[in-house]
Amino acid sequence: MNTTGPDLAALEREGDLAADYIEGLLDIADLDGDLDLGVKNGRATVTVTGGGEDLNRLGTAQVVQALQDLSRLAVQQQTGEFSRLLLDVGGSREAREAELLREVDAAIAQLAAGKDAVQLPSMSSYERKLVHDYVAERGYKSASHGEGKARRLVVTAA
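Here the structure is a predicted model, which means the values were calculated and not measured. (Residues numbered from 1 in each chain as written. Predicted model: local features only at pLDDT ≥ 70, side-chain atom pairs only at ≥ 80, totals over all residues. Heavy atoms only, no water.)

1. Considerations on the sheet that holds strand β6 (residues 152–157)
Backbone hydrogen bonds hold the strands of a sheet together, and the pairing may be parallel or antiparallel.
Thinking step 1. Spatial strand order, β4-β6-β5: three strands in an open sheet with antiparallel pairing. Sheet topology places β4 (117–119) and β5 (140–145) at the edges, where each strand pairs with a single neighbour. Put simply, the sheet's adjacent strands are angled 25° from each other on average, direction ignored.
Thinking step 2. Relative to β6, β4 is paired through three bridges, and the arrangement is antiparallel. Within β6, the residue paired with A117 across the bridge is T156.
Thinking step 3. Its contacts with the sheet place helix α4 (residues 92–112) against β4, β5 and β6, and it is angled at close to 155° to β4.
Thinking step 4. Docked against the sheet, helix α5 (residues 125–137) engages β5 and β6, running at close to 155° with respect to β5. (Pairing = 2+ DSSP bridges. Helix = DSSP H or I, 4+ residues; strand = E, 2+ residues; numbered from the N terminus. Axes fitted to C-alpha atoms, helices over the stretch in contact; angles between N-to-C directions. Contact = heavy atoms within 4.5 Å.)

2. Section: the environment of R72
Thinking step 1. Looking at the secondary structure, you find R72 in helix α3 (residues 61–79).
Thinking step 2. The spatial distance from the C-alpha of R72 to the C-alpha of L86 is 8.7 Å, given a sequence separation of 14 residues.

3. A few points about the pattern of salt bridges
Thinking step 1. For the coordinates displayed, the defined rule picks out four salt bridges.
Thinking step 2. With a closest N to O distance of 2.7 Å, D133 and K129 form a salt bridge. Of the two residues, D133 and K129 are both situated in helix α5; the distance of four residues between them amounts to about one turn of the helix.
Thinking step 3. Within this structure, R96, E99 and E127 form a network of salt bridges that share partners. (Salt bridge = Lys/Arg side-chain N within 4 Å of Asp/Glu carboxyl O.)

The structure is reproduced here in structure tokens:
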């Protein structure tokens, strides 16, 4: 078993397989879109851009998460390995990251105003990792509480 994670070639193959799957879904839905493949932070990435207003409707957090989950399953079926693929549709991931950072800033403002702890809404494990990192960069602490979809981050002073 490879404990250091997949190598670049394996990640690129993941991206290719996921892109084939996404391209098939776009064809079925009669949607246009350009696919860009890459590797970021040890994960294969597929970004779907272009396609106009119809494609932009797919860019909600819930739809992107569902498409990402389906793509990961398609990759896993082909490779036999768990996939940590990241999918972005029309810049939705960047918009979501900006939203999360605003939530952290608001939580920190509440802490600065005297609140002991602030609980953030539930989010995916990837989003929790981003928030943990951002909270730490700001000099505060965060901890995950709960299980499954009810798992939330609580931000406190350092």
